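Descriptive analysis of the structure
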Amino acid sequence: MAAGRALAALLAALLVASAQHLQREASFTISLRTVDKITVMIKLRPGVPPRCQIRFKNVSRSELKIKPGETMTFTFTCSTPEKYFIMEIQKNIDCVSDPCPFGDVHLYPPGLPRLNRTFIWDVKASTKAGLELRFSAPWLRQIEPGETCPDFVSYNINSCIDVATVNIGTFCRNGSVSRVKLLGGVVMSLHLPWDSPVTTSGFNIANRASIKRLCIIESILNGESSITLMSPNYPLGFPEDELMTWQFVIPSNMRASVFFHNYSLSNCERKEERVEYYLPGSLSNPEVFKLSDSQPANIAGSFNLSLQGCDQDTQNPGILRLLFQVVVQHPQVDESCVDLRWCQRKIYSLSVPMAITKLPIQLRKFIWKLSAPDPINIEITSPSLKLQQHVPEQRCNTSYSYSIVSATPEAELNVGIFCPGGSIEKIQMRNNVTISLKTFGRGFLNESNHQDLKMSFVPHIKDECTFTVSPDPKAKVYLQTPSWLYGLPPYVSISWYVVVPGKHVARLAFSKDRMGITCETGRAYVNIKEETSGAEETVRREDELLPEPRKMYHNFWVNISNCKPVDKMQLALQFWVTFADRQIDLGLILGMVAGAGVLVAIGLTVCCVKKKKKSQNPMVGVYNANVNTQVPRKQGLFTKGRKTNESHVYAVIDDAMVYGHLLKESNGSVAPEVDVYRPFDGPIGSLPPSPPPFSFRKDIKPSNTSNTEEPPPLTDTDHDAYTFAHQKSGQSEDNGDTNEKNNGDTSTSLLENKEQDSSVE
C-alpha cells in the first residue's frame, strides 16, 4: 500500500512539472499591420518583483514593444505571467489628415496573451468638428477617482484640445450614460482584467458638428433610478472659462430632482461661475442658478444642465469642481389640485423614495415643493409619530428634521424646524409650501422606514398657519411663533388648537409677561378661548400684560395676531402647556349639595302655595279703564294712540286682591286700593346691554380710518321685542375694550423675506 501511494505521488508530480514546462514553453505570435497604426506594449506591473521574464529570440527581458508592421514570437519564463505583466494596445486615429474610421470599434489584434490589458484609442480631430462616442446597452456609469468597478471592466475618457488634456471621467458598465460628445480629439481607454470574457469594445465613433463646448454627456434614465456625475478633472479643477453640458433623457411621466453634494468655487476675476438649466415648459430658459442655490426638483421630463466657469485670478485661481446627483421617480403629486372635492379624497405620502435611501452615498437633504391654487390650502399631518417643534428649551435630537416654509411669490414665512416624536398632529398653511428634510449622520437609514409625513388639500383657512396639538398627558409642550429669529411678519395671524386629554386639566403659560412691541399701524392681539359652551374669551393687546398662567379644562385655542410694529421691534412669543390629573373639588361638591337643598326647599314652598290657592275661589279678569297699562318706553317710539292701536290690556289678578272690599264685608279682611296706577319702581340699567362676545376668528382688512360704527336706530314698530339686563360691575370697561379690539387694525399677511435659521441646522 505504501509503495502504491508513493508511486501515485511521483506520477502526479511529474504531470504538474510537465504542464508547467509546456506552459512555460508556450509561445505567442503578434503580427501588426502598418495601416492599422497599432502598437502593443508588454511590461511589468508596477510594484511587482521581476520573478518572470519575457523570452524573445533566446534573450530574456522585462518588457516587449511591438510596432506597426512588426511580427514577434515570444514566451514567458513562468506559468502565471498575468501576475507579473500588463499589456497596452494603442491605436492612433488621425481624423485631421485622413478619413475617420467611423462605426464600431473592434478589439484588435486577436490572439493576445491572457494578461491585464488596456486598449487605447488616440483620436486626433479638429476643433471645428465634434466626435461622438456612442455606447451600446447597458451603457455606462461614472465613478469617483479611486473607485473600482464590480467586474473590473472600466472606461476612461480624456478630451484633447491642442496640447491640453482634460479627464472627462472614469466609467463602469451598467449605467445610463449613452453618449459622450467631445470637441476636438479624444483618448479613449478600455481596461480589461486578464480573465474577462469581453470581446467587443462596446462603443462606436460618429462624426458631429462642432458642439462649441468642452463636452456633452447624455444620460437616459428609464423608471425610478438615480445617477451620480462629476465635472471633468474631478476632484481637481474644471478648466478655466470652460463650458460643458449634461443632457438627461427622462420619460415625461417621471419627475427628476437635482442635488449638489460636493462643490467648490474658484476665485473669479471676470464672469461668474454658475449652472444653467433648460427645463421643459419653462418660459425663461435658460434658468440660471448659483452652485450654492437649491437646485430644481420635480422636473417633468428631459432637461439640460450646463456648468460655466470663469476667468480665474492668476495669483490665486482656486478650484471649480462639482459632484451632483439626479434622482428620477414617479411623481409624488400626480397633477395640480383644481377640484377640491377630488383633492380632499387624496392623501399623499411625503417620504424619501426607497431608491434614494439604498444609494451608497449618504443623503443630506430632500426637498418637497407643494403648490395649490388660491382657494385651496395645504395640510401636513404626522398621524403616528407627530411632530416636535425645535425650540431652545426642547431641541430635536433625531437623525433627521423638517424645515417648513410657507411662501408666496413675494415673501416667505419660515414656519419652523420640526422633528418626529412630538405633539403636533397637523399643520395647515395658506400658501405654497416647501419642506426640506435634512439628515444628521447615518441613523437616518434605520429611521427612514418609519416616516409618516402626509400631505392633503383643505379648504381655505383664515390664518396664515394653524397648528393642531394633541399632546401626551405626561408631556410638557413648548410652542413658539414662526420666524422666531426675525419676528412674526406684520399683520400675520397664527393659531394653535390644543387638545386636552380626558380626565386632565391643562396649564397654559407664556414665557414673558408682555409682547414686547409697539404698534405703528393696527393692533397686536393674543386671544385664548376654551371650546365649550359659554366659555369666556381672554383678549390682550400689545400694550397690556399677557395672561397669567391659567388652567384649561377643555380643548382650547390660542391665537396670536401681529400689527405693523415700529422699526426694529419683533413679535416673538413662546408658550408652553403641561397637564395634570383633574381633581374633584370638595368645595364644588358642598356647593352642589347646598344648591340641591335650596331647590328642595323651594319645591316644598311652591307645593304649599299651590295647595292653599286650590282652596280659594278661581281668579277673575277685571278691566280697569283708568289705569295706564302701557310699558314705560322712549318718547315718540310708538306713533299710534291708545285707542287707535288697540293696546287694551287685561290683567289676571288674584281675586283676594281685587275683591278685598267685598271679602272684608264677609270675613273682615282689609280691602286694597282700586283704580290707582302704581308706577314701576324696580331697578332699570343705565347702560345698553353687552354686545355679543368678541369673535375669536377674525379676518379684518387694514384701514387708515376708524371702523367704529354707531348702533343702528330703533325701528318704529309695534312688534319689536326688547330684553333688559343688569350691567355687571366692571363690564363697562371690558365692553369698551372689546369694541376697541373688534375695531383694531389687522390685515392679511405681508410675509417676511428672511429665512429662519436654527441651531439644528
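Definitions and cut-offs
- Residues numbered from 1 in each chain as written.
- Predicted model: local features only at pLDDT ≥ 70, side-chain atom pairs only at ≥ 80, totals over all residues.
- Heavy atoms only, no water.
- Helix = DSSP H or I, 4+ residues; strand = E, 2+ residues; numbered from the N terminus.
- Buried < 20%, exposed > 50% of the residue type's maximum accessible area, 1.4 Å probe, protein only.
- Contact = heavy atoms within 4.5 Å.
- Phe/Tyr/Trp six-rings, centres within 6.5 Å; stacked < 30°, edge-to-face > 60°.
- Salt bridge = Lys/Arg side-chain N within 4 Å of Asp/Glu carboxyl O.
- Disulfide = S-S within 2.5 Å.
- Pairing = 2+ DSSP bridges.
- Polar contact = N/O pair within 3.5 Å; in protein donor to acceptor, adjacent residues only side chain to side chain.
- Axes fitted to C-alpha atoms, helices over the stretch in contact; angles between N-to-C directions.

1. Points about the overall build of the chain
- Scanning the chain from N- to C-terminus turns up 9 helices and 49 strands.
- Within the chain, buried positions represent 41% of all 761 residues.
- Here the analysis covers contacts within the chain between residues at least 6 apart in sequence; of these, 80% occur between residues at least 24 apart.

2. Some details on the packing of aromatic side chains
- Taken as a whole and judged by the stated rule, the model has 25 aromatic pairs.
- Ring plane angle 75° and centroid distance 5.3 Å describe the contact between Tyr400 and Phe444, whose orientation is recorded as edge-to-face. Residue Tyr400 is found in strand 32 (residues 400-407), and its partner Phe444 is found in helix 4 (residues 444-447); the two are separated by 44 residues along the sequence.
- Assessed through its relative accessible area of 2%, Tyr400 is described here as buried.
- Aromatic ring contacts, followed pair by pair, group Trp246, Phe248, Phe260, Tyr277, Phe289, Phe303 and Phe324 into a single cluster.

3. Notes on the pattern of salt bridges
- Evaluated as defined, the whole model comprises 16 salt bridges.
- We note a salt bridge from Arg270 to Asp311, for which the minimum N-O separation is 3.2 Å. Here Arg270, found in strand 21 (residues 268-270), pairs with Asp311, found in strand 26 (residues 311-312); they are 41 residues apart in sequence, far enough to count as distant.
- Residue Arg270 is classed as exposed on the basis of its relative accessible area, which comes to 57%.
- Close ionic contact of Lys426 with Glu379 constitutes a salt bridge, the shortest N to O distance being 3.9 Å. Separated by 47 residues along the polypeptide, Lys426 in strand 34 (residues 424-429) and Glu379 in strand 30 (residues 376-381) bring together distant segments of the chain.
- Given the relative accessible area of 27%, Lys426 is considered partly exposed.
- The class for Glu379 is buried, based on a relative accessible area of 11%.
- Three or more residues joined by partner-sharing salt bridges are found here, namely Glu132, Arg134, Arg179 and Glu218.

4. As for the state of the cysteines
- By the definition in use, this model includes 6 disulfides.
- Paired through a disulfide, Cys95 and Cys100 show a sulfur-sulfur distance of 1.4 Å. Between Cys95 and Cys100 the sulfur-sulfur dihedral comes to about 135°; the bridge is accordingly right-handed.
- One disulfide in the model links Cys519 with Cys563; its S-S distance is 2.0 Å. One disulfide, between Cys519 and Cys563, carries an S-S torsion of -90° and so falls in the left-handed class. A residue pair is termed long-range when its members are at least 10 positions apart, and Cys519 in strand 41 (residues 519-521) and Cys563 in the loop between strand 45 (556-561) and strand 46 (564-565) qualify at 44 residues.
- You can call Cys519 buried: its relative accessible area is 17%.

5. Examining the sheet that holds strand 27 (residues 318-329)
- Taken in spatial order, the 4 strands line up as 18-27-20-24 in an open sheet, and their pairing is antiparallel. Sheet topology places strand 18 (225-230) and strand 24 (299-300) at the edges, where each strand pairs with a single neighbour.
- Where strand 20 (residues 255-266) lies against strand 24, 2 bridges are found, and the strand directions are antiparallel. Looking at the pairing, Ala256 lines up with Ile299 of strand 24.

6. Structural notes on unusual backbone geometry
- The step from Ala137 to Pro138 runs through a cis peptide bond, and the omega angle for that step is 15°.
- Locating Pro138 in the fold gives a position in the loop between strand 10 (129-135) and strand 11 (140-143).
- A cis amide bond links Tyr234 to the next residue, Pro235, at an omega of 5°.
- One can find Pro235 in the loop between strand 18 and strand 19 (243-249).
- Positive phi values are uncommon outside glycine, yet Asn174 reaches one of about 65°.

7. Let's talk about the pairing of strand 45
- Most of strand 45 is tucked away, with 6 of its 6 residues classed as buried.
- On strand 45, burial covers both faces: Phe556, Val558 and Ile560 on one face and Trp557, Asn559 and Ser561 on the other are all buried.
- Here 6 bridges tie strand 42 (residues 525-530) to strand 45, and the two strands are oriented antiparallel to one another. Paired with Ile528 across the strands is Val558, a residue of strand 45.

8. Notes on the environment of Arg33
- Within the secondary structure, Arg33 sits in the loop between strand 1 (27-31) and strand 2 (38-44).
- By relative accessible area, Arg33 is classed as partly exposed at 48%.
- Between the C-alpha atoms of Arg33 and Thr71, which are 38 residues apart in sequence, the distance is 8.8 Å.
- Ignoring any residue separated from it by four or fewer positions in sequence, one finds Arg33 in contact with Pro68, Gly69 and Tyr108.
- At 2.8 Å, the side chain of Arg33 and the side chain of Asp36 are in polar contact.

9. Quick look at the sheet that holds strand 4 (residues 59-61)
- Here we have 4 strands laid out as an open sheet, ordered 1-6-3-4, and antiparallel in their pairing. The two strands at the open ends of the sheet, each matched to only one other strand, are strand 1 and strand 4. Between one strand and the next, the sheet's axes are offset by a mean angle of 35°, whatever the strand orientation.
- Relative to strand 6 (residues 71-76), strand 1 runs antiparallel, the two sharing 5 bridges. Pairing of Ile30 across the sheet is with Met72, part of strand 6.

10. Focus on the side chain of Ser493
- Tracing the chain through its elements places Ser493 in strand 39 (residues 493-498).
- Polar side-chain contacts of Ser493 include one of 3.1 Å to the side chain of Ser561.

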